[in-house]
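The residues making up each chain are set out below.
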Amino acid sequence: MSEEPGGAVGDAAGPLTFVAERIIVFVDAVVAIAMTLLILPLMESVADVADAEGGAGEWFARHDQQLVSFVLSFVIIAMFWISHHRLFAKVERVTVPLLCISMAWLLTIVWLPVATAMSGRFSDGDAVVKAVYVGSMIATCLVTLATRLYLARNPELHAISGTELRGGTAVDIAMASLFAAALVLAVTVPGVGYFALFLMFLVGPVQNLVARRLGVPRRA
C-alpha cells in the first residue's frame with residue numbers, strides 16, 4: 001500500500017481511497033460558504049432601499065418574504081450539515097464513488113442559495129419556483145440516502161453499525177417523503193405556499209413508521 005499526495009491511498013489489491021478527514025474539512029468549508037451566500041440578496045435589498053431613501057421599516061415590510069426564505073434555508077442547510085457530519089464522523093476512508101456522491105451532495109447544498117433567492121423575489125404563486133426550492137431539499141435527502149446505502153454495501157470504509165445505518169436511512173426516507181408531500185401541497189393548494197414545509201415537524205412519527213418497516217429496533 002502506498003500513500004499519495006492529498007491523502008490518497010491505494011494498492012494492487014483494492015481501490016484508491018482518500019483520508020475521510022480531508023473530505024470532511026472540504027465539505028465543512030463549502031457548506032459554510034453556501035450558508036454565507038444566503039445573506040447576499042438581503043444585503044443587496046438593504047442597499048436598494050437605502051439608495052431610494054427608504055427606512056428600515058419599509059425594508060422589513062417589502063422584503064419579509066426574503067427574510068422568511070433566508071431563515072428557513074439557513075436552518076435547513078444547518079440541519080443537512082448536522083446529519084452529514086454525524087454520518088461521516090465514523091467514516092475512515094473515502095473511495096472515488098463515495099467522493100462523487102459527496103460532490104453531488106455538495107451540489108445540492110450550493111444550489112440552495114440560488115433557489116432561496118428565487119423564492120424570496122418571485123411571486124408566491126409561481127409553481128416552478130416552489131418546485132425548484134423544495135425540489136432542491138428533496139435532492140439533498142436522496143443523495144444522503146444514496147450515501148448511506150453505499151456505506152452499507154462497503155462496511156470496510158467505516159465503523160458505523162448496521163442498526164445506525166438503517167436508522168439513518170429511515171430518517172432520509174421520512175424527510176424526502178415529507179418534502180415531497182410539502183411540494184405537492186404548496187403547488188396544489190392555493191394560499192398554503194411555503195407553510196407546507198411545516199409538515200417537517202412530522203419527521204419523528206414518519207421516521208418511526210419507516211424504521212419499523214426496515215426492522216430497526218426501538219431505543220430503550
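This one's a predicted model, so the numbers in the text were calculated from it and none came from an experiment. (Residues numbered from 1 in each chain as written. Predicted model: local features only at pLDDT ≥ 70, side-chain atom pairs only at ≥ 80, totals over all residues. Heavy atoms only, no water.)

Enquirer: Residues and numbers for the packing of helix α1 (residues 20-37) against helix α5 (residues 96-121), please.
Expert: Across the interface, α1 lies against α5 with an axial gap of 8 Å and an inter-helix angle of 15 degrees. Classified by the angle between their axes, α1 and α5 sit roughly parallel to one another. The chirality of how α1 crosses α5 is right-handed. The residues of α5 that touch α1, namely those facing I23, F26, V27, V30, V31, A34 and L37, are L99, M103, W105, L106, I109, V110 and P113. A per-class count over the contact of α1 with α5 returns 14 nonpolar, no polar and no charged. (Axes fitted to C-alpha atoms, helices over the stretch in contact; angles between N-to-C directions. Helix = DSSP H or I, 4+ residues; strand = E, 2+ residues; numbered from the N terminus. Parallel < 35°, antiparallel > 145°, perpendicular 65-115°, else oblique. Left-handed = near helix turned anticlockwise from the far one by under 90°. Contact = heavy atoms within 4.5 Å. Nonpolar A, V, L, I, M, F, W, Y, C, P; charged D, E, K, R; others polar.)

Enquirer: Can you lay out the environment of D172 for me, pointing to particular residues and giving the numbers?
Expert: Inspection of the secondary structure puts D172 in helix α7 (residues 162-188). Residue classification places D172 among the buried residues on the basis of a relative accessible area of 3%. When the C-alpha atoms of D172 and Y150 are compared, they prove to be 14 Å apart, with 22 residues separating the residues in sequence. In contact with D172, not counting residues within four places along its chain, are C141, T144, L145 and R148. (Buried < 20%, exposed > 50% of the residue type's maximum accessible area, 1.4 Å probe, protein only.)

Enquirer: Before we move on, can you summarise the environment of W81 with the specific residues and values?
Expert: Position of W81 relative to the elements: it lies in helix α4 (residues 64-88). Separated by 49 residues in sequence, W81 and A32 place their C-alpha atoms 9.5 Å apart. Setting aside residues up to four positions removed in sequence, W81 forms contacts with D28, V31 and W105.

Enquirer: Account for α5, with residues named and values stated.
Expert: The terminal C-alpha atoms of α5 lie 39 Å apart, and with 26 residues this matches the ideal 38 Å at 1.5 Å per residue to within 8%. Maximal helix bending in α5 amounts to about 30 degrees, located at L112; proline P113 follows within four positions. (Expected span 1.5 Å × (residues − 1). Bend = angle between axes of the 7 residues up to and from the residue.)

Enquirer: Give me the nonpolar core: which residues, what numbers.
Expert: As a rule of thumb, soluble globular proteins bury nonpolar side chains together. Of all hydrophobic cores here, the largest spans 52 residues; its most connected members are F80 and F179. Discounting residues that sit within four places of it in the chain, F80 has contacts with W105, I109, M137, T140, C141, M175 and F179. (Core = buried A, V, L, I, M, F, W, Y, C linked by side-chain atoms within 4.5 Å.)

Enquirer: Can you lay out the side chain of T140 for me, pointing to particular residues and giving the numbers?
Expert: Mapping T140 onto the fold places it in helix α6 (residues 127-153). Setting aside its immediate chain neighbours within four residues, T140 contacts F80, W105, T108 and I109.

Enquirer: Account for the pattern of salt bridges, naming residues and giving values.
Expert: Here the idea is simple: oppositely charged side chains can pair when their charged atoms come close. A complete count under the given rule lists two salt bridges for this structure. The shortest N-O distance in the salt bridge between R148 and D172 comes to 2.5 Å. Within this pair, whereas R148 is found in helix α6, its partner D172 is found in helix α7, the two being separated by 24 residues in sequence. (Salt bridge = Lys/Arg side-chain N within 4 Å of Asp/Glu carboxyl O.)

Enquirer: Outline α6, listing residues and values.
Expert: With 27 residues, α6 extends 38 Å between its outermost C-alpha atoms, agreeing within 8% with the 39 Å of an ideal straight helix rising 1.5 Å per residue. Where α6 bends most, the angle comes to about 25 degrees, and this point is G135. N-cap assignment for α6: the residue whose side-chain oxygen lies 3.0 Å from the backbone N of V128 is D126. (Polar contact = N/O pair within 3.5 Å; in protein donor to acceptor, adjacent residues only side chain to side chain.)

Enquirer: Let's hear about the packing of aromatic side chains: which residues, and what values?
Expert: Scanning the entire structure with this criterion turns up five aromatic pairs. Ring geometry for F195 against F198: centres 6.1 Å apart, planes inclined by 10 degrees, an arrangement best described as stacked. Each member of the pair, F195 as well as F198, carries the same accessibility label: exposed. Aromatic rings pair up to connect F195, F198 and F201 into one cluster. (Phe/Tyr/Trp six-rings, centres within 6.5 Å; stacked < 30°, edge-to-face > 60°.)

Without other data, these values stay purely geometric and don't point to any function.
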